[in-house]
Amino acid sequence: MPVTSQLFRGFPRAKLWGSSLFPCQRQLPCCPTSHRPTSSQLHPIWPTAMPVRGYRRSPDLHSYNLTPPQVNSILKANEYSFKVPEFDGKNVSSVMGFDSNQLPANAPIEDRRSAATCLQTRGMLLGVFDGHAGCACAQALSERLFYYVAMSLMPHETLCELEAAVEAGRPLSPILQWHKHPNDYFTREAQTMYFNSLRTYWQELIDLSSPGESLGPREALLSAFKRLDSDLSLEAQVGDANSFLHYWVLRVAFSGATACVAHIDGSDLYVANTGDGRAVLGVQEEDGSFSAHTLSNDHNAQNENEVARIQGEHPPSEKKTVVRQDRLLGLLMPFRAFGDVKFKWSIDLQRGVLESGPDQLHDNEHTKFIPPNYHTPPYLTAEPEITHHRLRPQDRFLVLGTDGLWETLHRQEVVRIVGEYLTGVHQRQPLTVGGYHVTLGQMQGLLAERKARASLAFQDQNAATHLIRHAVGNNEFGAVDHETLSKMLSLPEELARMYRDDITIIITQFNPHVVGHQGTWT
């Protein structure tokens with residue numbers, strides 16, 4: 001969190017009760033030093049430079065009236081679109097392209113996003129990362145996780161060629177083609193350390209495999225998630241001779257982040273989820289309407305299986321304390337996350353690492369804090385839950401979103417809004433007023449507003465922007481209202497987080513002429 005140790009307290013929507021150990025700096029980026037890459041830039045293997053959902057909002061105070069152009073400027077500041085290139089006038093990919101966008105509530109935003117095409121294997125990777133207790137962990141995931149997935153997918157021979165090239169000092173072929181917005185940063189100082197950790201991982205993959213072998217997508221995603229989280233922990237324990245870099249790896253490890261990642265290769269869609277991000281498939285029915293199919297489970301107190309899992313991993317004496325007030329140890333909302341070593345390391349390890357850390361830590365009271373009832377760590381895991389879906393022609397798009405989206409809109413409303421946007425067909429629903437008493441004149445006004453909205457409904461050139469407009473600007477009747485948008489977007493940063501969370505969205509559109517004709521769930 002960005003400001004003081006008081007920020008989480010009294011905010012029921014904060015992911016983590018208590019103060020942030022390493023609050024992000026006031027200006028972006030939160031990284032030590034950052035570089036802005038070009039969109040769809042081809043990098044070498046590693047860059048050399050680089051709970052109740054639907055809450056009532058009434059932000060009547062401390063906001064200002066914004067004009068429609070000002071609203072659009074804010075909503076579109078972080079939007080990004082990518083269209084898969086055609087060959088001989090045809091798109092042979094199952095993915096037509098994607099739209100993404102972010103809207104901050106925290107200052108700076110703690111969410112991150114990533115999208116990349118795998119060049120040495122096949123498929124496209126897309127992910128949203130929701131940070132808490134600072135943005136450092138989410139930032140690290142956005143830079144590193146896809147490399148770990150790509151390495152996990154490589155066959156034994158390709159990994160050997162890669163290692164031979166490094167040994168000989170030869171240039172390395174690009175592994176990923178990144179699709180980045182200019183505001184998507186990566187850290188410069190940590191690149192050598194990141195590369196060394198990644199190289200150790202692929203060396204171990206070589207040792208554990210034989211010629212002709214490679215991991216399948218499910219095993220690759222599982223291995224990549226678990227190994228990166230292990231590396232985040234190890235890097236913080238080992239530290240670095242450079243005190244600034246040492247401080248950075250501690251920031252990464254002591255903050256936390258959830259991750260929701262999709263890997264799409266032909267008609268095979270895999271979703272790996274750790275935390276409370278969500279992946280929802282938009283399916284077009286025969287009558288033209290859209291239905292929502294969720295491809296991930298939230299890892300929080302609303303998931304009875306998750307509560308049972310955590311309680312089963314600890315002694316019966318901790319059954320009443322391991323989950324309290326719908327939070328892990330009464331503090332953390334997501335039950336799975338990267339980083340967050342405060343919930344994974346032993347007390348002795350935490351104290352030892354912090355005592356030997358850089359001077360910036362010594363005056364931070366939070367470094368002395370140990371979660372209550374902390375008896376049998378680890379209490380937290382980054383292991384993802386993985387879902388496989390075989391795409392069908394009626395599967396039109398996939399929405400990846402951090403929980404800031406799903407707290408404001410129901411999944412069925414999300415796919416309806418996106419489906420109508422992509423098809424240009426507005427499915428008129430009976431006008432409802434949610435139990436409000438309205439006069440005939442007011443009803444006539446609402447109908448007139450809806451008619452006017454239909455002509456403006458598709459003013460956005462980006463589906464994610466269009467969805468954020470609804471998520472933030474819907475009034476009590478479910479309609480986008482300029483006054484509501486203006487108030488929500490003009491709130492001072494110290495108040496914005498009280499009304500909503502950061503929102504990050506990636507909407508991937510599928511090519512119905514390419515995807516398979518039969519679907520299975522596993």
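In this text the structure is predicted, and so the values were computed from the model without any measurement. Per chain, the residues get numbers from 1 upward, laid out in the order the sequence is written. Where totals are concerned, whole chains, interfaces and linings use all residues; where local detail is concerned, this predicted model gives features only for residues with pLDDT of at least 70, and gives and counts side-chain atom pairs only at 80 or more. Only hydrogens and water are set aside when side-chain values are computed; all heavy atoms of the structure are taken into account.

A closer look at the overall build of the protein
The secondary structure content of the protein amounts to 14 helices and 17 strands. Categorising residues by exposure relies on relative accessible area from a 1.4 Å probe, with only protein chains included: less than 20% of the type maximum marks a residue as buried, more than 50% marks it as exposed, and the intermediate range marks it as partly exposed. The proportion of buried residues among the 522 residues of the protein is 57%. Each accessible area value is a Shrake-Rupley result obtained with a 1.4 Å probe; residue values ignore everything except the protein chains displayed when judging cover. Summed over all atoms, the accessible surface of the protein reaches about 22,100 Å², with 52% contributed by carbon and sulfur. In this text, helices come from DSSP runs of H or I with a minimum length of four residues, and strands from runs of E with a minimum of two, each type numbered from the N-terminal end.

Some words on the pattern of salt bridges
Any carboxyl oxygen of Asp or Glu that lies within 4 Å of a side-chain nitrogen of Lys or Arg is treated as forming a salt bridge with it. Across all of its chains, the model carries 19 salt bridges by this definition. Note that Arg227 is salt-bridged to Asp231, the shortest N-O span being 3.1 Å. Placement of both Arg227 and Asp231 in helix H5 (residues 217–238) is noted, with a separation of four residues, approximately one turn of the helix. As far as the burial class goes, Arg227 and Asp231 line up, both buried. One salt-bridge network, in which partners are shared between bridges, spans Glu306, Arg309, Glu313 and Arg336.

Notes on the sheet that holds strand S10 (residues 278–284)
Here the rule is simple: two strands pair whenever DSSP picks up at least two bridges between them. Taken together, the six strands give an open sheet; going across it, the order is S2-S3-S17-S16-S10-S11, and neighbouring strands pair in antiparallel fashion. Each edge of the open sheet carries a strand with a single partner, namely strand S2 (80–83) and strand S11 (290–294). Each strand of the sheet is rotated relative to its neighbour by a mean of 15°, with strand direction disregarded. With five bridges connecting them, strand S16 (residues 395–401) and strand S17 (residues 503–510) associate as antiparallel partners. Paired with Val399 across the two strands is Ile507, which belongs to S17. Throughout, an axis means a line fitted to C-alpha atoms (over the contacting stretch in the case of helices), and angles, computed between N-to-C directions, take values from 0 to 180 degrees.

Some thoughts on the packing of helix H1 (residues 68–75) against helix H12 (residues 463–473)
Closest axis-to-axis distance for the H1/H12 pair is 10 Å, and the angle between their directions is 120°. As judged from the angle between their axes, H1 and H12 are oblique. Between H1 and H12 the crossing geometry is right-handed. Residues Val71, Asn72 and Leu75 of H1 pack against Thr465, Ile468 and Arg469 of H12. Oblique is the label for any angle not covered by the other classes, which are roughly parallel (under 35 degrees), roughly antiparallel (over 145) and roughly perpendicular (65 to 115). Crossings are assigned a handedness: left-handed for a near helix turned anticlockwise from the far helix by less than a right angle, right-handed for a clockwise turn. In this analysis, two residues are considered to be in contact whenever any of their non-hydrogen atoms come within 4.5 Å of each other.

Regarding the confidence of the model for the protein
Confidence scores here are pLDDT values: one per residue, from the predictor, ranging 0 to 100. Across the protein, the average pLDDT comes to 84, with 78% of residues at or above 70. Low pLDDT, under 50, characterises residues 1–12; the stretch is placed with 35 contacts to residues that sit more than four places away or in other chains.

A closer look at the nonpolar core
Within the largest apolar cluster, 51 residues are counted, with the highest numbers of intra-cluster contacts made by Leu145, Phe146, Met151, Leu176, Trp202 and Phe338. Among the elements that make up this core, the one with the highest residue count is helix H2 (residues 136–153) (13 residues). Definition of nonpolar core: a set of buried residues of the types Ala, Val, Leu, Ile, Met, Phe, Trp, Tyr and Cys, connected through side-chain atoms within 4.5 Å. Formed by 31 residues, the second largest nonpolar core is a distinct cluster that contains Val399, Leu405, Ile468 and Ile503.

Looking at unusual backbone geometry
Each neighbour pair has its own omega, and for Ala107 with Pro108 the value is 0°, a cis peptide bond. Looking at the secondary structure, you find Pro108 in the loop between strand S3 (95–103) and strand S4 (111–118). Going from Pro377 to Pro378, the amide bond is cis rather than trans, its omega being 5°. Here Pro378 shows up in the loop between helix H8 (347–355) and strand S15 (385–390). With phi around 50°, Asp340 is a residue other than glycine that occupies positive phi space. Here Asp340 shows up in the loop between strand S14 (338–339) and H8. Owing to a relative accessible area of 2%, Asp340 belongs among the buried residues under this scheme. Even without being glycine, Asn373 reaches a positive phi, approximately 55°. Considering the arrangement of structural elements, one finds Asn373 in the loop between H8 and S15.

Focus: H8
An α-helical turn contains 3.6 residues, so any two residues separated by three or four positions project in the same direction. Among all positions of H8, only Gln350, Val353 and Leu354 are buried. For H8, the buried positions fall inside an angular range of 95° around the axis, keeping them on one side. Across H8 from its buried face, at more than 90 degrees, point the exposed residues Asp348 and Glu355. Turning to H8, the residues buried within the fold contact H5 and helix H6 (243–254). Throughout, the arc means the angular range of directions from the helix axis out to the C-beta atoms.

Considering the packing of helix H3 (residues 156–168) against helix H4 (residues 191–208)
Taken N-terminus to C-terminus, the directions of H3 and H4 make an angle of 135°; their axes are 10 Å apart at the nearest point. If you check the angle between H3 and H4, you find them oblique. You can see that H3 and H4 cross each other, and the crossing is left-handed. Of H4, the residues touching H3 (which contributes His156, Leu159, Cys160, Leu162, Glu163, Val166 and Glu167) are Phe195, Arg199, Trp202, Gln203, Leu205 and Ile206. Partitioning the contact of H3 with H4 into residue classes produces eight nonpolar, two polar and three charged. Side-chain classes are defined by residue name, with Ala, Val, Leu, Ile, Met, Phe, Trp, Tyr, Cys and Pro counting as nonpolar, Asp, Glu, Lys and Arg as charged, and the others, Gly among them, as polar.

A word on the side chain of Arg497
Structurally, Arg497 can be placed in helix H14 (residues 493–499). The class for Arg497 is buried, based on a relative accessible area of 5%. A polar side-chain atom of Arg497 sits 3.4 Å from a polar atom in the side chain of Asn106. Polar contacts, as used here, are pairs of N or O atoms within 3.5 Å; protein pairs need one atom able to donate a hydrogen and one able to accept it. Residues neighboring in sequence count only if both atoms are side-chain atoms.

Details of the packing of aromatic side chains
Think of it this way: a Phe, Tyr or Trp ring, Trp meaning its six-membered ring, pairs with another when their centres are within 6.5 Å, and the plane angle makes it stacked under 30 degrees, edge-to-face over 60, tilted otherwise. Applying the stated rule across the entire model yields eleven aromatic pairs. Relative to Trp178, the ring of Tyr147 lies with its centre 5.8 Å away and its plane at 65°, an arrangement referred to as edge-to-face. Taken together, the residues span a long stretch of sequence, with Tyr147 in helix H2 and Trp178 in strand S6 (residues 176–178) at a distance of 31 residues. Per residue, the accessibility class of Tyr147 equals that of Trp178, and both read buried. Aromatic side chains Phe290 and Phe397 sit 5.7 Å apart centroid to centroid with 45° between the ring planes, which places their arrangement in the tilted category. Of the two residues, Phe290 sits in strand S11 while Phe397 sits in strand S16, which places them 107 residues apart along the sequence.

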